[in-house]
Amino acid sequence: MTQPTADWSAFPHGYSLLLNEKAQFPHDLADWRLKIDTSRQLFVDTHLVAAVMGLERRLHPAVKHGANPLIRDFWAAYLHPEPEGGYLMLGNGWRGRLDGRESPDGDAGANVYLARSADGLEWEVKSEPLLARSDSTAPWQPLQGQLHGLLHEPHDPDPEQQWKLIIRDRMRQPPPAGEARFSGSNVHIALYTSPDGRRWTWKRDTNLMRKRASFRRDTPLDGYPEGIGDVLQVRWDPDLGRYIAHTKHTVGPDPRFRMVLHGRETGPTGSWEARVAGWSESDDLVHWSPPRNYAYPDSEDARQPGMYGIYEASGFRYESMWLGCLSMTANVPDPSCAAVPRHAGGYKRNWIRLAGSRDGRHWYYLADRSDFIPNGPDDGWDAHYLRMVEQATLGGPVVRGDEVWFYYHGQYGGIPGCPGLTQPKDKWESAIGVGICPRDRFVSLAAGDEAGEVITRPLAFTGEGALLLNGVATAGGSIRAAVLDEAGEPLPGLGYDDCEALDGDRLRAAVAWSGGSLARHRG
C-alpha cells in the first residue's frame with residue numbers, strides 16, 4: 001500500500017515557527033486581561049509583560065556543585081525522591097565499570113542498577129542488578145535495557161502495578177552477535193510493572209517503534225520521519241492528564257544542518273538532516289499518538305558552526321507554566337585542534353538550553369538561547385556531552401526548599417584543547433553531576449545603572465491579595481511596585497511613592513503600600 005505523500009512545499013523553513021515564542025504568538029497582548037492564580041508567576045518569557053523599559057532579560061545558568069561528579073561510570077536515567085527521605089536513582093553501568101569498580105555484567109552494560117543517597121550528593125551504587133521476569137511464572141533474571149520512563153503511581157488500585165517502567169527491552173530480546181546492545185530493529189520498547197520498584201514483570205510491548213523498525217526510506221523524502229531514535233523520555237503530565245513521550249528523530253533533507261554518521265564498514269557518511277524532538281501522548285503507556293515535531297532547530301541555530309539540532313528534550317510543570325531542558329548538539333569545527341574528530345567535519349558536543357511553554361504543548365527557547373548548563377572545561381568530566389537525569393513520574397529537577405536541583409550526565413571523550421569528542425565511544429568516561437538554581441531564578445529582568453520598569457498585562461487574580469517579589473537590589477538600588485488601573489494610572493495608596501522600598505537579596509519579599517493590600521481589587 002502506498003503511504004500518503006506529505007506536502008513538503010514549506011519544508012524546512014516552516015519549522016522555524018517551532019521554538020520561537022514571537023513566531024508562534026505574534027499578536028500584541030498588552031491590553032488583554034490575564035487571569036492568574038496563587039502559583040509563582042515567572043518572567044522568563046513575554047507572557048505576563050505589556051511593556052519593558054530599561055531592563056534586560058538574563059538567563060542565570062545552573063551552578064555546578066563543588067562535589068561533582070557525584071557518581072562515576074554510571075548512566076543514570078531517573079531519580080526518585082522517597083517520601084520518607086532520601087533518593088533513588090536507576091541506571092546502567094558504563095563500559096565495563098560501575099561507580100569506580102568493575103561492573104558485574106562486564107562490557108555489556110545492559111543491567112539496570114539502583115543507587116541510593118540520603119542527601120542527594122553522596123551515592124551508593126548497589127552491585128546487584130534489579131530483577132525482572134517475562135511473566136508471573138518465569139524465573140527472575142537481571143533487568144536489562146535502556147530506561148526511558150520511571151513512574152511511581154501509589155494510587156493505582158493494583159498494588160502490583162504501582163511502579164511502571166518504560167524500557168528498551170534487552171532481557172527478553174538480547175542483541176544479535178556483533179550488534180550494539182541498545183540498537184537494532186528488533187528492539188521492543190516495553191512496559192514493565194512492579195510493586196516496589198525493585199522486582200519488575202513484563203506487562204506489554206508498547207506501539208513505540210524504534211527507527212528502521214517497520215520500513216526503510218528509498219528516496220530522500222520517502223517515509224520521513226521514520227520511527228523514533230535511541231532517545232526517549234516518558235513522563236506523566238497532571239495538568240494535561242496524559243502521559244507524554246519526548247522522542248528523537250532525524251528529518252531532512254535540510255541543507256542547513258549536516259549530520260555525519262560512522263558506519264562500521266563504510267566509515268563516515270554524510271547527510272543533510274536535522275535532529276529534532278517529537279511529542280507523543282498516551283492514556284495507558286502502551287498506545288501512543290503519532291509523534292508531532294515540536295522542537296526543531298531553525299536558521300538562527302544554523303548560524304552556529306557545526307549545529308545539527310536537538311539531541312534530547314524533556315519537560316515538566318513548574319508553578320504557573322512548563323519548563324524543559326533541551327540537549328543541543330553540534331559538530332564544532334576547530335582547525336587548531338590536531339586530533340582527528342570522532343565525527344567528520346567537527347568535534348561533537350552537547351550542552352543544555354532552557355525552554356518554556358504556557359500551555360504544555362507549544363514550546364520555545366528562553367533567554368535568547370543562552371546556555372543553561374554549559375559544557376565544563378575541556379579537560380573536565382563534563383567537557384563534551386551533557387544530557388539530563390529526569391525526576392521519576394513528573395520529569396524535571398528536584399525542588400529542595402529554596403533551591404532547584406538539576407541532575408545531569410556529563411561525559412568526557414577528547415583531549416585538552418579540543419572543543420568536543422575525539423575518542424571512540426568505548427573510550428568515553430561517564431558520570432553524574434548536579435547544577436543548582438535558587439528557587440525561580442532561571443531568568444531575570446535586570447536593570448543597569450539607570451532605573452528600569454516592567455508593566456504587566458491587566459491581571460485578574462485570586463488569593464489573599466498579598467504580593468511577594470523575588471529580586472536582588474544591589475547597593476544603592478531598590479525595588480518598588482505600583483498598581484495601575486486599566487488606563488495606566490496608579491490606584492490611590494498603591495503607587496510607587498506609596499510603596500515601601502525593597503533592597504538586598506529577597507526570594508519572597510512582601511510588598512507593602514501605605515494604601516493597604518490588594519485584597520479589595522481581586523477578581
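As the structure is a prediction and not an experimental result, all values here were calculated from the model. (Residues numbered from 1 in each chain as written. Predicted model: local features only at pLDDT ≥ 70, side-chain atom pairs only at ≥ 80, totals over all residues. Heavy atoms only, no water.)

## Focus: the overall build of the protein
Item 1. When helices and strands are tallied, the protein shows two helices and 39 strands.
Item 2. Entry remark: accessible area of the protein is about 23,800 Å², with carbon and sulfur atoms responsible for 51%. (Helix = DSSP H or I, 4+ residues; strand = E, 2+ residues; numbered from the N terminus. Areas by Shrake-Rupley, 256 points an atom, 1.4 Å probe, with all protein chains shown as cover.)

## Quick word on the state of the cysteines
Item 1. Summed over the entire model, instances satisfying the criterion amount to one disulfide.
Item 2. Disulfide pairing is shown between Cys 337 and Cys 418; the S-S distance is 1.4 Å. Taking the torsion about the S-S bond as the criterion, the Cys 337 to Cys 418 disulfide, at about 50°, is right-handed. Taken as a pair, Cys 337 in the loop between β26 (321–332) and β27 (347–357) and Cys 418 in the loop between β33 (403–412) and β34 (429–438) lie far apart in primary sequence, 81 residues in all.
Item 3. Accessibility expressed as a relative area gives 2% for Cys 418, which makes it buried. (Disulfide = S-S within 2.5 Å. Buried < 20%, exposed > 50% of the residue type's maximum accessible area, 1.4 Å probe, protein only.)

## Some remarks on the environment of Ala 313
Item 1. As for its placement among the helices and strands, Ala 313 is situated in strand β24 (residues 307–313).
Item 2. Judged by relative accessible area, Ala 313 falls into the buried class, the value being 4%.
Item 3. Spatially, the C-alpha atom of Ala 313 lies 8.6 Å from that of Gly 278, the residues being 35 residues apart in sequence.
Item 4. Non-local contacts of Ala 313, meaning those with residues more than four positions away in its chain, are made with Gln 233, His 246, Ala 277, Tyr 294, Cys 325 and Leu 326. (Contact = heavy atoms within 4.5 Å.)

## Overview of the confidence of the model for the protein
Item 1. Mean pLDDT over the protein works out to 89, with 90% of the residues at or above the 70 mark.
Item 2. Here residues 213–225 is a poorly scored stretch, pLDDT under 50, and it has 24 contacts once near neighbours within four places are set aside; other chains count. (pLDDT = per-residue confidence, 0-100.)

## Quick notes on the nonpolar core
Item 1. Residues Leu 19, Tyr 294, Tyr 296, Ile 310, Leu 326, Met 328 and Trp 363 are the most contacted members of the largest nonpolar core, which totals 28 residues.
Item 2. The set of elements that each furnish at least two residues to this core consists of β19 (242–251), β22 (274–282), β23 (292–295), β24, β26 and β27.
Item 3. Among the elements that line this core, the one with the most residues is β26, at five residues. (Core = buried A, V, L, I, M, F, W, Y, C linked by side-chain atoms within 4.5 Å.)

## Here we look at the packing of aromatic side chains
Item 1. Summed over the entire model, instances satisfying the criterion amount to 16 aromatic pairs.
Item 2. Measuring from ring centre to ring centre gives 5.8 Å for Trp 75 and Trp 94, while their planes differ by 25°; the resulting arrangement is stacked. On the criterion of sequence distance, the pair formed by Trp 75 in strand β6 (residues 74–81) and Trp 94 in the loop between β7 (87–93) and β8 (97–98) is long-range, its members being 19 residues apart.
Item 3. The exposure class assigned to Trp 75 is buried, which follows from its relative accessible area of 10%.
Item 4. Overall, the relative accessible area of 6% leaves Trp 94 in the buried class.
Item 5. Here Trp 123 and Tyr 407 contribute two aromatic rings whose centre-to-centre distance is 6.3 Å and whose plane-to-plane angle is 90°, an arrangement assigned as edge-to-face. Taken together, the residues Trp 123 in strand β11 (residues 123–125) and Tyr 407 in strand β33 connect sequence positions 284 residues apart. Per residue, the accessibility class of Trp 123 equals that of Tyr 407, and both read buried.
Item 6. Clustering of aromatic rings is evident, with ring pairs tying together Phe 316, Tyr 318, Phe 372, Phe 406 and Phe 442.
Item 7. For the cation-ring pair, Arg 199 lies above Trp 140, with the distance from its terminal atom to the ring centre recorded as 5.1 Å. (Phe/Tyr/Trp six-rings, centres within 6.5 Å; stacked < 30°, edge-to-face > 60°. Lys NZ or Arg CZ within 6 Å of the ring centre and 35° of its normal.)

## Some words on the pattern of salt bridges
Item 1. For the structure shown, the criterion picks out 26 salt bridges.
Item 2. Between Arg 33 and Glu 486 there is a salt bridge, with its nearest N and O atoms 2.7 Å apart. Of this pair, Arg 33 sits in the loop between α1 (21–24) and β1 (34–36) while Glu 486 is found in the loop between β38 (468–473) and β39 (504–510), placing the two residues 453 residues apart along the sequence. Here Arg 33 matches Glu 486 in class, with each residue exposed.
Item 3. For Arg 40, the salt bridge is made with Asp 440, and the minimal N-O distance between the two is 2.8 Å. In this pair, Arg 40 sits in the loop between β1 and β2 (49–53) while Asp 440 sits in the loop between β34 and β35 (443–447), placing the two residues 400 residues apart along the sequence.
Item 4. What makes Arg 40 partly exposed here is its relative accessible area of 26%.
Item 5. What makes Asp 440 buried here is its relative accessible area of 12%. (Salt bridge = Lys/Arg side-chain N within 4 Å of Asp/Glu carboxyl O.)

## Focus on the side chain of Arg 353
Item 1. Within the secondary structure, Arg 353 sits in strand β27.
Item 2. Here Tyr 365 takes part through its side chain, which lies 3.3 Å from a polar atom of the side chain of Arg 353.
Item 3. There is a polar contact of 3.3 Å between the side chain of Arg 353 and the backbone oxygen of Arg 369.
Item 4. Ignoring any residue separated from it by four or fewer positions in sequence, one finds Arg 353 in contact with Asp 301, Gln 304, Met 307, Gly 324, Cys 325, Leu 326, Met 328, Tyr 365, Arg 369, Ser 370 and Phe 372. (Polar contact = N/O pair within 3.5 Å; in protein donor to acceptor, adjacent residues only side chain to side chain.)

## A closer look at the environment of Phe 25
Item 1. In this fold, Phe 25 is placed in the loop between α1 and β1.
Item 2. Sequence separation between Phe 25 and His 47 is 22 residues; the distance between their C-alpha atoms is 9.5 Å.
Item 3. Not counting residues within four places of it along the chain, the set of residues in contact with Phe 25 comprises His 362 and Tyr 364.

## Describing the pairing of β26
Item 1. Most of β26 sits inside the fold, with twelve of its twelve residues counted as buried.
Item 2. Of the two faces of β26, both are covered, the one formed by Met 321, Leu 323, Cys 325, Ser 327, Thr 329 and Asn 331 as well as the one formed by Trp 322, Gly 324, Leu 326, Met 328, Ala 330 and Val 332.
Item 3. As defined by bridge partners, β24 adjoins β26 across five bridges and the pair is classed as antiparallel. Across the sheet, Ala 313 pairs through a bridge with Leu 326, a residue of β26.
Item 4. Looking at chain direction, strand β25 (residues 316–318) and β26 are connected through three bridges and run antiparallel. Residue Arg 317 lies in a different strand from β26, and its bridge partner there is Trp 322.
Item 5. Adjacent in sequence and paired antiparallel, β25 and β26 are bridged by two residues, among which Glu 319 carries a positive phi angle near 55°.
Item 6. Examined bridge by bridge, β26 and β27 share eleven bridges and lie antiparallel to one another. If you follow Ala 330 over to β27, its bridge partner there is Arg 349. (Pairing = 2+ DSSP bridges.)

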